[in-house]
Amino acid sequence: MLNHDLELRFCKARRGAIAREFSHLNPEQQKAALTTEGPLLLLAGAGSGKTTVLIHRVANLMKYGRGSDSTEVPEWVTEDDLTFLEEYVRTGAGDKARQERLCALDPAAPWTILAITFTNKAAGELKDRLARMLGPAANDIWASTFHSACVRILRRDIEKLGFASSFTIYDTDDSLRVVKDILKDLGIDDKQFPPRSVLGYISRAKDAMKLADQYLAECERSGDFRLTKIAKIYAEYQRRLWEASALDFDDIIFHTVRLLQQFDEVREFYQRKFRYVLIDEYQDTNNLQYLLASTLAGGYENFCVVGDDDQSIYRFRGATIENILSFEKQYKGCRVIRLEENYRSTKHILEASNAVIRNNQGRKGKELWTKAGEGDKLTLYAAMNENDEAQYVAARILEGYSQGRKWKDHAILYRMNAQSNQIENACKRNGIPYRIIGGTRFFDRAEVKDMVAYLAVLNNPEDDLRLTRIINNPPRGIGAKTIETAQEIARREESSLYAVIDNARMYPELERSAAKLAGFTALMGELAGLLDELPLDQFYEELILRTGYATMLESKNTVEDRTRLENVRELLTSIHGYLENAGEEPSLAGFLDEIALYTDLDSHDPDQDCVVMMTMHSAKGLEFPVVFVVGAEEGIFPGIRAIGETEEMEEERRLCYVAMTRAKEKLYLTCANQRMLFGRTSSNRPSRFVEEIPPEHLERLGRSCLPNLGGGEEGWSGMPSRSSGYGGYGSYQRPTYGGGRSAQAGQGGSRTDRDPRPQPSYGGFVRAMSGAGGGATGSARTRQPLASSPVGAGAPGGGGSLPAFQKGDTVRHKAFGQGMVLSVQKMGGDALLEIAFDQVGTKRLMLKSAAAHMEKL
DNA sequence: CACTAGGGTGGACAT
DNA sequence: CACCCTAGTG
C-alpha cells in the first residue's frame, strides 16, 4: 500500500518501464502505443509508420493492459517495488519477470480486441505481423474488414431481423441487375434514371440510416418528383432483396447497425466483448461505418481511430472527411497524437507532395518532414501520345532493371483501369513481367459468375437473381417468356421463383414449359443431394459436369470458350484454397461469403518479381522504390468530372497526394499531348497538379519539347497503334483466388491470354516467376509478356543470346519492308533498334519483338 | 416461343 | 470491350 505521492511516482515509473520496450519508436509513436484508454485520434501522415504503431499498441494491450495509461495502483505494490521499478527505468537492468508483473494491469485477452481495416489484405498483414510478434495468441484477435466482421455478427443473429441466416451477398453487379429489372418492370426510362445513379441514391439513403418507407415518406413530403420515383425504386429494390434473402454491400453494415441498435442483448454482448476497438484508414469510413464502430466501442469507449485527412479518397463511396475532422467534437476530451515524420520518401518527393496537397482547403493541416536525403528530383515526361508514354515508362523500367533494381521495385499507377492497356502492351513488347491488380476481377467474369450462381442457388434457393441467371444457362429451352410468367406467379403467390418452377405443373400458364422446368429442378435437387454427400471440391467437379456447362463450352471449342472452361476449372483452385484455410468446418455458405468479400488487391503478392500496375486508389497503403504516375493530364487526372467542382477537385488532389507519396526513391509523372481513349483522340494540357509542384523539385523532359530525334512522325510507335483495341478493361485471364488471409501462400500460376500453358521464356526470370510456388494456388493476375513466343522463335536456344543486328545492317521487315539499321542501343535484356525503312521512314523498334518479323539480308 | 446474329452505345475510383 | 435491343429463323 503506497501513499498518494508514491502512487504517482509508481505510475510514472510503470509507464517509463513499459516505454523501454518501445524505445525504438519515436516519441510520438511511443505515445500512441502507450495511450490505451479512452478515445484516441491518431493522425498519421503517409509513411509515418502507422502500421508499426498499431501493432505495438496491440502488443502493449495484450502484455500490459492499462498499465501504461492508468493512475490505478494495485494494493499489493510495496515501496520496494517502486524502488525496483524506478531503478529499472534508469538502467534497464533487473528482474524482467518482476518488472512485467509490476507493469501489467489487466492485460487484454486477444478476443477482446477488435481491429478493423478496409481490405482483407491489410487485415491479413496485420494478423501476420501480430502473429510474428505475439505468437499464436494473435489468432484470436478480431482483425478483419468492416464487411467480414459484420457478416460474422449477422450470421449469428440476423434472424432477429427476419432474414435467414443463410443470406446471400449481392455484389455491385447483382445490385445493378436488380435495379435494371425494376426499371423495366415499372416502365421507367433508364436514361432518365440511370441505374448506377439510382444505386448511388439508395446507398446514400442507407448511409443516412433511412429505410425505404421512411425515405419515401420524406421524398414525398419534399414534393420532388424525381426523388419520389427513386424512393419507390429503393422500396422495390429492398423488397426484392428481402424476397431473395439477399444483402448488398451497404446492407451488410446497415443491418448490423440496426441489429445492434434494436436488440439490447446483442449490443451489450459485443460492447462487453470488445474492450479495445481500433479503426484503420478512418478517413475512409462513411457514416454507417462510424456508427458501427462507435456502437461496438460504446461499452468501454476505448476507441482508437487512425487516419489521415489528406488521404481521404473514397468520398464517392460515402466516406466523409467529417468523420475525422469532427472526431474531437464527438469525443470530448479525446486525445490527439500526430505522426508527421515520414520514413518512406526522399525530400524531393515529400516536399513536392506537400506542395500539391497544400492547395486544398479544409484540411487539418500538417506538414510531413523527413530526415532522408534529397534524392532525385521528380521527372515529368511529356509524351507525344499514349504509346510514346507507355514506351517511355517501359524504357525507364528496363533501365532500372539493368541497373540492378528488381521488377517489383516499380509500380505504375493510373487513374482509370482503362488506361492499363497501352502500358500493358508496352510491357509485353519489352518483355517486362508485370501484374495488373484490379480491373476485371476473376469473380466478375461471366462464366465464373455463372458457376457461383449455381452454388448460390443451392445455398439459398430464394436467390431469384442468381436463379434467373442460370436457369437457362446452358440453354435448356426455358426462355424469357416462361421466366417472366413464372415471376408473375411468384409475385402473386408471394413465394419464391424457385418454389413456382418446382411446382410448375400446378400452374396452367406454365403447362407448356412444365417438363423443361421439372428437368431443371430435378437437376438442382440431385445436386443438392450430392452437396450433402461430397466434399466441396468433388462436388464442384460434379457440378461442372452435370449442369452441362462443361459440355457447352467444349462443344463450341473456340479460343474464348477454352479460356472460359479454364476459368470455370480455376474456381476449383479457389475452393481448394478455401478448404485449406477454413479453420472449423468448411461449408458452401462460408465459401460464398469469402469470395463475395474478396478483392483482387488481396491477392497482391509482394514477393513475386513483377512490375505492378494498378489504379491510384488500389495503391493506397502500399509503397514502391520507383513509381510512375501516368496520364497526368487535365481531363484524365484530374478527371473531367472534377473540373469546376471544388470538392471533387480536392478529392482528386488528395488522390494525387496518395499516389505521389507511394514513392520511396524516384517518382515519374507522365502526360501525353495526344491521347486515344475509348476510341476517341483528345488533346489535353498537363495536369494542374504537376504545375503545383515547385520547379526546384521537378525536372521536365519530353519528346514533344525536343527536336525531332527519330524522324518518325508517330513518335516511337513502331507497332500499329490499333493492334488490340483501346477501350476495355483488359482482356484478361485467369486470376485466381489465393485463399483467405494467408497472403504468403505460394502463388504462381501465370498464364497468357491465348495459351493457358506456361510459355517458353527467353530469360530466367519469367520461368522462375511462373514456376514459383508450383503454381498451385495461382496468383491473381500475373501475365507473362506475350513477347515471349515470338522471341522464342527469333532467339534460338531461348537463352540470353539476342539475334545479332548491327548498325549498318540491311533488314527486311514483314510490315515495314526493307530498311537499314541506324543504331542499336542496349536496354535491359533488350535493345532499341533505330531503323530507316525505305517506304515508311525511320522507326524505333524493340529488338526482341521485332526480331520475329524481321530478317537480315 | 427459343435462340442467334448484328448493330448501336456507353463507359471511375471499389467493399 | 461488354452491354442491350432488334430482327430474323428454327
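Residues numbered from 1 in each chain as written. Chains lettered and ligands numbered in written order. Predicted model: local features only at pLDDT ≥ 70, side-chain atom pairs only at ≥ 80, totals over all residues. Heavy atoms only, no water.

Turning our attention to the overall build of chain A. A count of helices and strands for chain A gives 33 helices and 23 strands. Residue burial in chain A is summarised as follows: out of 857 residues, 58% are buried. Across chain A, contacts joining residues at least 24 apart in sequence account for 76% of those joining residues at least 6 apart. (Helix = DSSP H or I, 4+ residues; strand = E, 2+ residues; numbered from the N terminus. Buried < 20%, exposed > 50% of the residue type's maximum accessible area, 1.4 Å probe, protein only. Contact = heavy atoms within 4.5 Å.)

Let us look at the environment of Thr-295. Secondary-structure assignment places Thr-295 in helix α14 (residues 287–296). Put simply, Thr-295 and Tyr-270 are 25 residues apart on the chain and 9.0 Å apart in space, counted from C-alpha to C-alpha.

All right, on to the nonpolar core then. Membership of the largest hydrophobic core comes to 72 residues, with the highest contact counts inside it found for Tyr-237, Ile-252, Tyr-270, Ile-279, Leu-292, Phe-303 and Phe-327. The contacts of Leu-292, once residues within four sequence positions are left out, are Phe-146, Cys-150, Ile-253, Thr-256, Val-257 and Leu-260. Core analysis: the next-biggest nonpolar cluster, separate from the first, contains 54 residues, Val-452, Val-457, Ile-489 and Tyr-540 among them. (Core = buried A, V, L, I, M, F, W, Y, C linked by side-chain atoms within 4.5 Å.)

Taken as a whole, helix α5 (residues 96–103) has its buried residues at Arg-98, Gln-99, Leu-102 and Cys-103. Taken down its axis, α5 places every buried residue within 125° of arc, on the same side. Tucked inside the fold, the buried residues of α5 contact α1 (4–20), α3 (50–64) and α4 (79–91). With a side-chain oxygen positioned 3.1 Å from the backbone nitrogen of Ala-97, the residue opening α5 is Asp-95. (Arc of directions from axis to C-beta. Polar contact = N/O pair within 3.5 Å; in protein donor to acceptor, adjacent residues only side chain to side chain.)

Turning next to the sheet that holds strand β3 (residues 142–145). With respect to topology, six strands assemble into an open sheet ordered β3-β2-β6-β7-β1-β8, the strand pairing being parallel. Every other strand in the sheet has two partners, leaving β3 and β8 (335–339) as the edge strands with one partner each. In this sheet, adjacent strand axes meet at a mean angle of 15° when their direction is disregarded. Pairing of strand β1 (residues 40–44) with β8, which is carried by five bridges, proceeds in the parallel orientation. The partner of Leu-42 across the bridge, within β8, is Ile-337. Running over the sheet, helix α2 (residues 27–34) touches β1 and β8 and is turned about 145° from β8. Across the sheet, helix α7 (residues 146–157) is in contact with β2 (113–117), β3 and β6 (276–279); its angle to β3 comes to roughly 110°. (Pairing = 2+ DSSP bridges. Axes fitted to C-alpha atoms, helices over the stretch in contact; angles between N-to-C directions.)

Quick look at the pattern of salt bridges now. According to the stated counting rule, one finds 63 salt bridges in the structure shown. When the shortest N-O distance is used, the salt bridge between Glu-72 and Arg-66 registers 2.2 Å. Since its relative accessible area comes to 41%, Glu-72 is described here as partly exposed. A relative accessible area of 15% places Arg-66 in the buried class. Between Glu-651 and Arg-315 there is a salt bridge; the shortest N-O distance is 3.9 Å. Of this pair, Glu-651 sits in helix α29 (residues 646–660) while Arg-315 sits in the loop between β7 (303–307) and α15 (322–325); the two residues are 336 residues apart in sequence, bridging distant segments of the chain. Linked through salt bridges whose partners overlap, the residues forming this network are Asp-171, Asp-173, Asp-174, Lys-449, Asp-463 and Arg-466. (Salt bridge = Lys/Arg side-chain N within 4 Å of Asp/Glu carboxyl O.)

Quick look at the UniProt feature "binding site: ATP" (unreviewed entry) in chain A now. As annotated by UniProt and renumbered to match this structure, "binding site: ATP" (unreviewed entry) occupies Ala-44, Gly-45, Ala-46, Gly-47, Ser-48, Gly-49, Lys-50 and Thr-51. Examined against the element boundaries, Gly-47 turns out to sit in the loop between β1 and α3. Here Gly-47 falls in the buried class, since its relative accessible area comes to 15%. In this view, Gly-47 contacts Glu-341, Asn-342, Tyr-343 and Arg-344; residues no more than four positions away in its chain are not counted. (UniProt positions renumbered as here; feature names shortened; annotations may be inferred.)

Turning our eyes to something else, we now look at the environment of Arg-156. Mapped onto the elements of the fold, Arg-156 is located in helix α7. Residue classification places Arg-156 among the exposed positions, given a relative accessible area of 53%. Along the primary structure Arg-156 and Gln-99 are separated by 57 residues, whereas in three dimensions their C-alpha atoms are 42 Å apart. The residues contacting Arg-156, other than those within four sequence positions of it, are Phe-269 and Tyr-270.

Residues annotated in UniProt with the feature "domain: UvrD-like helicase ATP-binding" (unreviewed entry) correspond here to residues 23–346. Secondary structure across residues 23–346 comprises 52% helix and 10% strand; the distance between its end C-alpha atoms is 24 Å.

The next subject is helix α17 (residues 347–357). Taking burial as the measure, the eleven residues of α17 include nine buried ones, the bulk of the element. For α17, the set of buried residues is His-348, Ile-349, Leu-350, Ala-352, Ser-353, Asn-354, Ala-355, Val-356 and Ile-357. Of the surrounding elements, those touching the buried residues of α17 are β9 (378–383), α29, β14 (663–672) and α30 (688–691).

What follows covers unusual backbone geometry. For the peptide bond that leads from Asn-473 to Pro-474, omega is 5°, which places it in the cis range. Omega for the bond connecting Phe-637 with Pro-638 falls within 30 degrees of zero, at 5°, which places this linkage in the cis form. Among the structural elements, Pro-638 can be located in the loop between β13 (624–629) and α29. The backbone phi angle of Asp-106 is positive, close to 55°, even though this residue is not glycine. Relative to the helices and strands, Asp-106 is located in the loop between α5 and β2.

Let us now look at the packing of helix α12 (residues 249–262) against helix α13 (residues 264–273). Two numbers describe how α12 lies on α13: the axes approach to 5 Å, and their chain directions differ by 100°. In this view, α12 runs roughly perpendicular relative to α13, as classed from their interaxial angle. Between α12 and α13, the residues in contact are Leu-259, Leu-260, Gln-261 and Gln-262 and Asp-264, Val-266, Arg-267 and Tyr-270, respectively. Of the residues belonging to the contact of α12 with α13, the class tally is four nonpolar, two polar and two charged. (Parallel < 35°, antiparallel > 145°, perpendicular 65-115°, else oblique. Nonpolar A, V, L, I, M, F, W, Y, C, P; charged D, E, K, R; others polar.)

All right, on to the side chain of Asn-26 then. With respect to the secondary-structure elements, Asn-26 resides in the loop between α1 and α2. A polar contact is formed between the side chain of Asn-26 and the backbone nitrogen of Gln-29, at a distance of 2.8 Å. Within the structure, Asn-26 has its side chain in polar contact with the side chain of Tyr-343 (distance 2.7 Å). Not counting residues within four places of it along the chain, the set of residues in contact with Asn-26 comprises Glu-341 and Tyr-343.

Across the interface, helix α20 (residues 446–459) lies against helix α28 (residues 588–596) with an axial gap of 10 Å and an inter-helix angle of 135°. Relative to α28, α20 is oriented oblique. You can see that α20 and α28 cross each other, and the crossing is left-handed. Across from Val-452, Leu-455, Ala-456, Leu-458 and Asn-459 in α20, the residues of α28 making contact are Leu-588, Ala-589, Phe-591, Leu-592 and Ile-595. When its residues are assigned to classes, the contact of α20 with α28 shows nine nonpolar, one polar and no charged. (Left-handed = near helix turned anticlockwise from the far one by under 90°.)

Glancing now at the pairing of β2. Of all five residues in β2, five are buried, a share of seventy percent or more. Across the two faces of β2 the burial is the same, with Ile-113, Ala-115 and Thr-117 and Leu-114 and Ile-116 all buried. Here four bridges tie β2 to β6, and the two strands are oriented parallel to one another. Bridge pairing in β6 links Ala-115 to Leu-278. Sheet topology places β2 next to β3; four bridges connect them, and they run parallel. Each bridged residue has a counterpart across the sheet, and for Leu-114 the counterpart in β3 is Trp-142. The parallel pair β2 and β3, bridged by helix α6 (residues 120–134), forms a crossover whose chirality is right-handed. (Right-handed = clockwise from strand over helix to strand, strands pointing away.)

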